[in-house]
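Here are the chains, one letter per residue:
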Amino acid sequence: MTEPNTLLGPDDPTPFRVHPASQPSPFILVSDHAGRAVPARLGNLGVPMADWERHIAWDIGIHGVGEALQKILGATLIEQVYSRLVIDSNRAPGHPTSMPFVSDGTDIVGNREAQAACRARREAEILHPYHDRIAEEIAARKDPVALIALHSFTPRMNGVDRPWHVGVLHHRDTRSAHIMLDLLRGEGDLCVGDNEPYVLTETSDYTVPHHAEAAGLPCLELEIRQDLIADTAGQNEWAERLARLLPQYWERLHQK
Ligand SMILES: [Zn+2]
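Residues numbered from 1 in each chain as written. Predicted model: local features only at pLDDT ≥ 70, side-chain atom pairs only at ≥ 80, totals over all residues. Heavy atoms only, no water.

Looking at an unreviewed UniProt entry, one finds the protein chain named N-formylglutamate amidohydrolase, with Kozakia baliensis as its source organism.

Take a look at the structure:
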């Protein structure tokens, strides 16, 4: 039997979903972990059904936040459709955890057994088209833009509760981060993580370093705790909050 030449078949979705801008906006919203689709050829990657509901498969709640935020701001939103277990779109090509063998205690059998050709196809057909689309969006803009990367994090990891409601991850663009940290703390009702629950680095992340930091574009990587955005009400609440704060961030960024 000959192997098909492609990973994605006619019934698989295209790897990115674009919600186009409905009005001029300096923000390009990106969501690396918004989806949990799996190409039909990969089956369930040997991962039990219940684990597909967990944070290891996608960033729970962030698709709803992104869509609602996009609607209020009128900004472009580009979302990855495939699960981070198929390929993590916030990891550089070839990164050791790009197609994890284990994720938060769950064995990803289909990744452990994946041949080099299958790995290469996931990069070629899922990772690269998504990042090419982001690059194209940035290149097409004549006015200044900021890249806003949306993520969510699990409230409990490795047996430890995480107190933050929201985190701002940063590395090179500390100015953007500090403005946003200040705005979030100013809300008065939030526990705000500064490079928590993760630290942004050039190797642990890909989208922000690759598209924004390398080009000197202003950027924010935001993490919202998943229990706060588990339902539509929470997603809308956070979308409204960010839709209020992001324009304030942009204004402060341009103050001397
Ligand atoms: Zn994420």
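**A word on the coordination of the zinc ion**
Taken together, His 33 (ND1), Asp 59 (OD) and His 151 (ND1) make up the full set of protein donors to the zinc ion, lying 2.0 to 2.1 Å away. Here the donor residues of the zinc ion are spaced in sequence according to H-x25-D-x91-H. Note that His 33 is positioned in the loop between strand S2 (27-31) and helix H1 (62-73) and Asp 59 in the loop between S2 and H1, a separation of 26 residues in sequence. For the pair formed by His 33 and Asp 59, the shared burial category is buried. (Donors = N, O, S within 2.8 Å, 3.2 Å for Na, K, Ca; no water. Helix = DSSP H or I, 4+ residues; strand = E, 2+ residues; numbered from the N terminus. Buried < 20%, exposed > 50% of the residue type's maximum accessible area, 1.4 Å probe, protein only.)

**Brief notes about the nonpolar core**
With 36 residues, the main nonpolar core has Phe 27, Leu 69, Ile 148, Met 180, Leu 246 and Tyr 249 as its most contacted residues. Setting aside chain neighbours within four positions, we find Leu 246 in contact with Phe 27, Leu 69, Leu 73, Ile 148, Met 180 and Leu 220. Core analysis: the second largest hydrophobic core is formed by 19 residues, Leu 7, Leu 8, Leu 45 and Val 47 among them. (Core = buried A, V, L, I, M, F, W, Y, C linked by side-chain atoms within 4.5 Å. Contact = heavy atoms within 4.5 Å.)

**A short note on the packing of H1 against helix H6 (residues 232-253)**
The interhelical angle for the contact between H1 and H6, taken along N-to-C directions, is 45°, at an axis separation of 8 Å. When the axes of H1 and H6 are compared, the pair comes out oblique. As H1 packs across H6, the resulting crossing turns out to be right-handed. On the side of H1, the interface is formed by Gly 64, Val 65, Ala 68, Leu 69, Ile 72 and Leu 73, while H6 contributes Gln 235, Asn 236, Trp 238, Ala 239, Glu 240, Leu 242, Ala 243, Leu 246 and Pro 247. When its residues are assigned to classes, the contact of H1 with H6 shows eleven nonpolar, three polar and one charged. (Axes fitted to C-alpha atoms, helices over the stretch in contact; angles between N-to-C directions. Parallel < 35°, antiparallel > 145°, perpendicular 65-115°, else oblique. Left-handed = near helix turned anticlockwise from the far one by under 90°. Nonpolar A, V, L, I, M, F, W, Y, C, P; charged D, E, K, R; others polar.)

**Structural notes on the environment of Ala 233**
Positionally, Ala 233 belongs in helix H6. The sequence separation of Ala 233 and Gly 64 amounts to 169 residues, and the corresponding C-alpha distance is 9.7 Å.

**Considerations on the pattern of salt bridges**
All chains considered together, the criterion is met by 19 salt bridges. With a shortest N-O distance of 3.6 Å, Arg 84 and Asp 88 are connected by a salt bridge. The shortest N-O distance in the salt bridge between Asp 161 and Arg 156 comes to 3.0 Å. The exposure class assigned to Asp 161 is exposed, which follows from its relative accessible area of 54%. For Arg 156, a relative accessible area of 46% puts it in the partly exposed group. (Salt bridge = Lys/Arg side-chain N within 4 Å of Asp/Glu carboxyl O.)

**Notes on unusual backbone geometry**
A negative phi angle characterises most non-glycine residues, just as the trans form characterises most peptide bonds. Residue Glu 196 is joined to Pro 197 through a cis peptide bond whose omega torsion reads 0°. Locating Pro 197 in the fold gives a position in the loop between strand S10 (192-194) and helix H5 (207-212). A positive phi angle, near 60°, is found at Leu 45, a position not held by glycine. Its location among the elements puts Leu 45 in the loop between S2 and H1. The exposure class of Leu 45 is buried, given its relative accessible area of 3%. Positive phi is not limited to glycine here, since Asn 158 has a value of about 50°. Topologically, Asn 158 is positioned in the loop between strand S7 (156-157) and strand S8 (160-161).

**Remarks on helix H3 (residues 116-140)**
Here H3 spans 34 Å end to end across 25 residues, near enough to the 36 Å set by a 1.5 Å rise per residue. Within H3, the axis deviates most sharply at His 128, by approximately 35°, and proline Pro 129 lies no more than four positions further along. (Expected span 1.5 Å × (residues − 1). Bend = angle between axes of the 7 residues up to and from the residue.)

**Examining the sheet that holds strand S6 (residues 146-153)**
The strand order across the open sheet built from seven strands is S1-S3-S2-S6-S11-S9-S10, with neighbouring strands paired in mixed fashion. Each end of this open sheet is capped by a strand with a single partner; those strands are strand S1 (16-19) and S10. Looking at each pair of strands side by side, their axes are set apart by 20° on average, direction ignored. The pairing of S1 with strand S3 (residues 76-80) spans four bridges and is classified as antiparallel. (Pairing = 2+ DSSP bridges.)

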